[in-house]
Amino acid sequence: MKSILKGISLSAANAAENDPPRERGISSAPLRRFPFPGVGCLQGSGLTVIAFALVMMSGAVQAVESQVKPRDLTDMSLETLLEAEVTPINVLGSHTHLAGEWMVGFRYMYQDMTQNYDGTRKVSPGEVLQSYPVVHTRMTTQMEMVELMYAPLDTLNFMAMVPFMQMTMDHLDRNGEEFSAKSSGIGDLNLMALVNVYGNPRERGNRLVLNAGLTVPTGSINQMDRRTGHPMRLEYWMQLGSGTVNLEPGLAYLGESENWAWGVHGLGVLPVGYNENEYRLGSQYFVDAWVEYKVSNWFGPSVRLNWRQQFDIHGADPDLDPARNPAFDATKQEGERLEAVGGLNFYVGNGVFKGARFSVEGGVPVYQNIDGPNLGVAWFITAGCSYTFD
């Protein structure tokens, strides 16, 4: 009997040593102010629903998962850690690395806006032209972003992101003339510190990550329409930057089980002072709730709800006439939106691209309420890659 018990004990010990590697980072994404009116959030009751749903979801996941004791990952190779790190791409402030690790990344984002809204009601170009001499019929935004992360400690990460923006807005006037305006260039530099304030980054379980970020006004706020030979300032959301320093406080809750990862993240974008054109953009608030299933060490799909809210611009650019164009009106830039988002996340473990991660995520609004008439979002997609090394 003693020999049998000894054999069982040795088998259990071997099983523990061969336990598969754990996921460490739950999600990774840059957050950049998209140049469009009406980025939205749910209000109080909506946040309660998301929080309640996430609590129920985490309880259900833990109920069906076997309870495996968290293990120390110190002895695992970087390759092993990366294989377990399949995460959503578009949630800023919740993706972290262990001490001594660097990450370089690139991502491409595309957003299409094709329909004007007044509140939750869709309005036609003809309706808008009854009140304004010009209506927007479409706006597209493309963003290429380079990002860099470094972790001096397990509990402290630094991140920097530089975006390059390309925007096009199509117009229609009362005479039936159609024309387009374009702007492109470097956007605002984004800097952030991520501090793990609860939980062990080297173990599975629950964690809290505090975000302390800001944006630096490196993007132009003097983009012009030069079609007619008489330069005219473009709309607020066709500008490449904000013209102000913007504080970005945030907090992420991250949960992990053997094959599942889930979390909630909240972030604020709070402009400070006024820019040289006598305004500051309205405050913005973002809440994300997501869940991801690790199908294998190299693949994990994810689903996410993204809730955004933006408030009106303070002050006004004296060169923009609010009677000509609703996007020129600083008092009509408020809005909220809820998006449903799906993603695919891959890790390449062999070959030339060994150590790289590739992700794609796309979504559509399920609700948007815009102080209009102004354009709402039709759909968006993000694709990105990153490489981590020590």
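Quick notes on the rules
- Residues numbered from 1 in each chain as written.
- Predicted model: local features only at pLDDT ≥ 70, side-chain atom pairs only at ≥ 80, totals over all residues.
- Heavy atoms only, no water.
- Helix = DSSP H or I, 4+ residues; strand = E, 2+ residues; numbered from the N terminus.
- Buried < 20%, exposed > 50% of the residue type's maximum accessible area, 1.4 Å probe, protein only.
- Contact = heavy atoms within 4.5 Å.
- Areas by Shrake-Rupley, 256 points an atom, 1.4 Å probe, with all protein chains shown as cover.
- pLDDT = per-residue confidence, 0-100.
- Phe/Tyr/Trp six-rings, centres within 6.5 Å; stacked < 30°, edge-to-face > 60°.
- Lys NZ or Arg CZ within 6 Å of the ring centre and 35° of its normal.
- Salt bridge = Lys/Arg side-chain N within 4 Å of Asp/Glu carboxyl O.
- Patch = residues over 30% accessible without salt bridge, like charges linked within 9 Å, V, L, I, M, F, W, Y side chains within 5 Å.
- Core = buried A, V, L, I, M, F, W, Y, C linked by side-chain atoms within 4.5 Å.
- Polar contact = N/O pair within 3.5 Å; in protein donor to acceptor, adjacent residues only side chain to side chain.
- Pairing = 2+ DSSP bridges.

### A word on the overall build of the chain
Each helix and strand counted, the chain has four helices and 19 strands in total. A total of 390 residues make up the chain; the buried ones form 53% of that total. In the chain, the share of contacts with a sequence separation of at least 24, taken over all contacts with a separation of at least 6, comes to 73%. In the form shown here, the chain has an accessible surface area of approximately 16,500 Å², with 61% of it arising from carbon and sulfur atoms.

### A short note on the confidence of the model for the chain
Residues with a pLDDT of 70 or more make up 78% of the chain, whose mean pLDDT is 82. A low-confidence stretch, residues 1–84 stays under pLDDT 50, and its non-local contacts, those more than four residues away or across chains, total 208 contacts.

### Observations concerning the packing of aromatic side chains
Applying the stated criterion to the full structure yields nine aromatic pairs. Between Trp298 and Phe346, the aromatic rings sit 6.4 Å apart at their centres with planes inclined by 20°, giving stacked as the arrangement. Here the residue Trp298 occupies a position in the loop between β14 (284–293) and β15 (299–310), and Phe346 occupies one in strand β17 (residues 335–348), the gap between them amounting to 48 residues. Residue class for Phe346 comes out partly exposed when judged on its relative accessible area of 29%. With 5.9 Å between their ring centres and 25° between their planes, Tyr387 and Phe389 make a pair best called stacked. The class for Phe389 is partly exposed, based on a relative accessible area of 30%. Taken together through their ring pairs, the aromatic side chains of Trp298, Phe299 and Phe346 make up a single cluster. Seen from the ring of Phe179, Arg227 lies directly overhead, with NZ or CZ sitting 4.0 Å from the centre.

### Brief notes about the pattern of salt bridges
Tallied over the full model, the rule gives eleven salt bridges. The partner of Arg107 in a salt bridge is Glu147, and the shortest N-O contact between them spans 2.5 Å. You can see Arg107 sitting in strand β1 (residues 102–113) and its partner Glu147 sitting in strand β4 (residues 134–153), a full 40 residues away along the chain. Across the pair, Glu147 and Arg107 agree in class, each one buried. Here Arg121 makes a salt bridge to Glu127, at a shortest N to O gap of 3.1 Å. The class of Arg121 is partly exposed, set by a relative accessible area of 45%. Note on Glu127: relative accessible area 34%, which makes it partly exposed.

### Section: a nonpolar patch on the surface
Among the surface-exposed residues, Leu191, Leu214, Val245, Leu247 and Val272 lie close enough to one another that they form a single nonpolar patch of about 350 Å² accessible area. If you trace the backbone, Leu191 turns up in strand β7 (residues 189–198).

### With respect to the nonpolar core
One finds Leu92, Met139, Met159, Met167, Met192, Leu194 and Met238 to be the most contacted residues of the largest nonpolar core, which totals 29 residues. Elements with a contribution of two residues or more to this core: β1, β4, β5 (156–173), β7 and β11 (245–256). In this structure, Ile221, Trp237, Tyr279 and Phe328 belong to the second largest nonpolar core, which totals nine residues.

### Quick look at the side chain of Asp225
Take Asp225: it is sitting in strand β9 (residues 224–225). For Asp225, a relative accessible area of 13% translates into the label buried. In this structure the side chain of Asp225 is engaged in a polar contact, spanning 3.2 Å, whose partner is the backbone nitrogen of Arg227. With sequence-adjacent residues up to four places away left out, Asp225 is seen in contact with Ala181, His230, Pro231, Met232 and Leu234.

### Some details on the environment of Gly255
Within the fold, Gly255 resides in strand β11. Look at Gly255 and you get buried, because its relative accessible area is 0%. Along the backbone, Gly255 and Leu208 are 47 residues apart, and their C-alpha atoms lie at a distance of 9.1 Å.

### Here we look at the pairing of strand β8 (residues 206–216)
The side chains of a regular strand alternate between both faces of the sheet. Only one face of β8 is buried, namely the one carrying Arg207, Val209, Asn211, Gly213 and Thr215, since none of Asn206, Leu208, Leu210, Ala212, Leu214 and Val216 on the opposite face is buried. Bridge analysis of β7 against β8 gives nine bridges, and the strand direction is antiparallel. Residue pairing for β8: Met192 is matched across the bridge by Gly213. Note that β8 and β11 share ten bridges and pair antiparallel. Paired with Asn211 across the bridge in β11 is Gly250.

### Re the environment of Ser359
Within the secondary structure, Ser359 sits in strand β18 (residues 356–376). Sequence separation between Ser359 and Asn90 is 269 residues, and the spatial gap between their C-alpha atoms is 9.6 Å.

### Examining the side chain of Asn275
Note that Asn275 resides in the loop between β12 (260–272) and β13 (279–280). On the basis of relative accessibility, which here comes to 7%, the residue Asn275 falls in the buried class. For Asn275, the side chain forms a polar contact with the main-chain oxygen of Ser242, separated by 3.0 Å. Not counting residues up to four positions away in its chain, the partners in contact with Asn275 are Ile221, Ser242, Gly243 and Thr244.

### Side note on the environment of Gly335
Its location among the elements puts Gly335 in strand β17. Here Gly335 falls in the buried class, since its relative accessible area comes to 7%. Residues Gly335 and Gly119 lie 216 residues apart in sequence; the distance between their C-alpha atoms is 8.1 Å.

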